[in-house]
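Geometric and topological summary
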Amino acid sequence: MSPDYKTKPNMLFQKAAGSWYPAWAYHMQDYSPLPARIKNITQSLTVTNNLYGNGLRIRLSNRHGASPLSVSDMEVRIRNSQYRLTAAGREALFLAPGEEIPTDPVKIQVQPGDTIEVLLSFPGEQTVTSCCGFNSSLVGKVEFRQNRNTQIPGDALSAAVKRRFSSYVVLGICAIEITSGRRPEVLAVFGDSIVQQSQWYGALHRKLARRLPGYTMYNEGVSGNRVLTDNHSSSSLNPIFGVAGVKRFDGDVFSRYQPDITIIAEGINDLVHPGNGCPINELVTAEDLIRGLDALSELAAARKSRPVLATLTPFCGYDGIWSPEREAVRAMVNQWIRSRDCYIDIDACVRSSSDIKSLAPEYDSGDHLHLNAAAGERAAEEIFRTITRIRKRRAAI
């Protein structure tokens, strides 16, 4: 059965009741070193919603674009109905470099378990340098078609996918947002490539959808990001790495949403980058890194979000950069994290039982630093238990 088109004027409402919450949201990264080159393609992004709501909009983004981004034929499909989307009343628009805007709200009743598909067309030849990238199919399905017919593999368009830097890229969209008078519980996840790649984030996303309807999360992971230092590397990927976590944290985590819990899972790049593309004198001490993580934690608390730090996972064997000095810093930082009232011990979940400085072979993606899907499942279960404990404590107050 073909979907019904909802195009009546009363389906649009500019002043929807309630606030906007992320059904799906990712950090828009600077992919200028790994651009996508496209010509007359349509992108389909399909996600599983876990929110109750009465309206929907898409947040369009060209945050790191080097040139305007042309977008047209915007649609959303849900429960065999199809809705045209506009932005400022227009069905086609150019997003200027650095521009990010929401579409006009559309009245749609949504509930947990609904599948939401968003389609955008990109007319003409374009080079896209601002993308959301991830490696786990558990957080969304992305497809590209030429003229809405012939399917095109992502690696034919995106240098990031071709080089396996990201298995999936999303162009032009950084969030699908739902409005509701019923405030959901919101989890923010802040971190580096281990967060951005989404092995445990994706597994956690699926667990929440199965066990906690009305609970949502968003991803502020940036590949190569460090807590204390801006991107400063001879690596060709340097622009992707972004400014220091202590600089971007407030704007990235709190500018659009108010999370109940903020997971902070960052710090490993402060250990593996110096001497590996970055100046060796940028290698941090344990005291430096603890101060940085503590500052992030205090800022989250000041914003009335419960901070939860994650331990730093092993990296022995990664790019030949491991050293006893770096391992000692990791151990001291993890000891401090474990002294806190609430934390997530991802290190204990994925390290080798016979060699704690290394990932367990069954959890290693292959580079001895990044996690595979099995590690994601293991860590997600631990994170879910932590979230459950925090919710029970809150309910008891």
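Quantities reported herein were computed from a predicted structural model and do not represent experimental measurements.

1. Comments concerning the side chain of serine 136
Structurally, serine 136 can be placed in the loop between strand S11 (130–134) and strand S12 (141–146). Of the polar contacts made by the side chain of serine 136, one reaches the backbone nitrogen of leucine 138; its length is 3.2 Å. Non-local contacts of serine 136, meaning those with residues more than four positions away in its chain, are made with Tyr168, Gln197, Ser198, Gln199 and Gly202.

2. Quick look at the nonpolar core
Formed by 122 residues in total, the largest nonpolar core has its most connected members in Trp24, Leu171, Ile176, Trp200, Leu204 and Ile263. Filtering out sequence-adjacent residues up to four positions away, tryptophan 200 remains in contact with Val189, Ile194, Val195, Ile263, Ala265, Ile346, Leu371, Gly376, Ala379, Ala380 and Ile383.

3. Examining empty space enclosed by the protein
One pass over the structure, following the stated rule, counts three cavities of 30 Å³ or more. Approximately 110 Å³ is the volume attributed to the largest cavity. Forming the walls of the largest cavity are 13 residues, and the residues nearest its centre are Ile194, Ala265, Thr311, Leu312 and Thr313. When the residues that make up the lining of the largest cavity are grouped by side-chain class, the tally is nine nonpolar, two polar and two charged.

4. Quick look at the sheet that holds strand S19 (residues 306–310)
Across the sheet, five strands lie side by side as S17-S16-S18-S19-S20; this open sheet has parallel pairing. Whereas interior strands pair on both sides, the edge strands pair on one side only; in this sheet they are strand S17 (215–221) and strand S20 (343–344). Where strand S18 (residues 261–265) and S19 come together, four bridges link them in parallel fashion. Bridge pairing links isoleucine 264 to leucine 309 in S19. Lying on the sheet, helix H3 (residues 199–211) is in contact with strand S16 (185–191), S17 and S18; it crosses S17 at an angle near 170°.

5. Focus: the sheet that holds strand S9 (residues 100–102)
Here four strands make up an open sheet; going across it, the order is S2-S15-S5-S9 and the pairing antiparallel. A strand with exactly one partner marks an edge of an open sheet, and here the two such strands are strand S2 (19–25) and S9. Across this sheet, the average inter-strand angle for adjacent strands is 25°, counted without regard to direction. Relative to strand S15 (residues 173–180), strand S5 (residues 55–61) runs antiparallel, the two sharing six bridges. Note that in S15 the partner of glycine 55 across the bridge is threonine 179.

6. Comments concerning the packing of aromatic side chains
Between two aromatic rings, the relevant description is the distance of the centres plus the angle of the planes. In this structure the tally under the stated criterion is nine aromatic pairs. Judged by centre distance (4.9 Å) and plane angle (85°), the ring pair of phenylalanine 190 and phenylalanine 249 falls under edge-to-face. Of this pair, phenylalanine 190 sits in strand S16 while phenylalanine 249 sits in helix H4 (residues 245–254), and the two are 59 residues apart along the sequence. Taken individually, phenylalanine 190 and phenylalanine 249 each receive the classification buried, so the pair is uniform in this respect. A network of ring pairs unites the aromatic residues Trp24, Tyr26, Phe134, Tyr168 and Tyr201 as a single cluster. The ring of tyrosine 52 has arginine 182 sitting right over it, with the charged end atom 4.2 Å from the ring centre. Between lysine 357 and the ring centre of tryptophan 322, over which it is positioned, the NZ or CZ distance is 5.7 Å.

7. What to know about the layout of surface pockets
Volume-wise, the largest pocket comes out at about 500 Å³. Along its surface, the largest pocket is lined by 26 residues, and Phe165, Leu237, Tyr318, Asp367 and His370 are the ones closest to its centre. Ranked by residue count, the leading element in the lining of the largest pocket is helix H2 (residues 193–197), at three residues. Counted by class, the lining of the largest pocket contains eight nonpolar, 15 polar and three charged residues.

8. What about the confidence of the model for the chain?
Overall, the prediction assigns the chain a mean pLDDT of 93, with 95% of residues at 70 or greater. A low-confidence stretch, residues 1–17 (pLDDT under 50), is modelled with 36 contacts involving residues beyond four sequence positions or located in other chains.

Quick notes on the rules
Residues numbered from 1 in each chain as written. Predicted model: local features only at pLDDT ≥ 70, side-chain atom pairs only at ≥ 80, totals over all residues. Heavy atoms only, no water. Helix = DSSP H or I, 4+ residues; strand = E, 2+ residues; numbered from the N terminus. Polar contact = N/O pair within 3.5 Å; in protein donor to acceptor, adjacent residues only side chain to side chain. Contact = heavy atoms within 4.5 Å. Core = buried A, V, L, I, M, F, W, Y, C linked by side-chain atoms within 4.5 Å. Buried < 20%, exposed > 50% of the residue type's maximum accessible area, 1.4 Å probe, protein only. 1 Å grid on protein atoms, 1.4 Å probe; cavity = no way out; pocket = protein on both sides within 12 Å on 5 of 7 lines; lining within 4 Å. Points joined across faces, edges and corners; volume = space filled by probe spheres on them. Nonpolar A, V, L, I, M, F, W, Y, C, P; charged D, E, K, R; others polar. Pairing = 2+ DSSP bridges. Axes fitted to C-alpha atoms, helices over the stretch in contact; angles between N-to-C directions. Phe/Tyr/Trp six-rings, centres within 6.5 Å; stacked < 30°, edge-to-face > 60°. Lys NZ or Arg CZ within 6 Å of the ring centre and 35° of its normal. pLDDT = per-residue confidence, 0-100.

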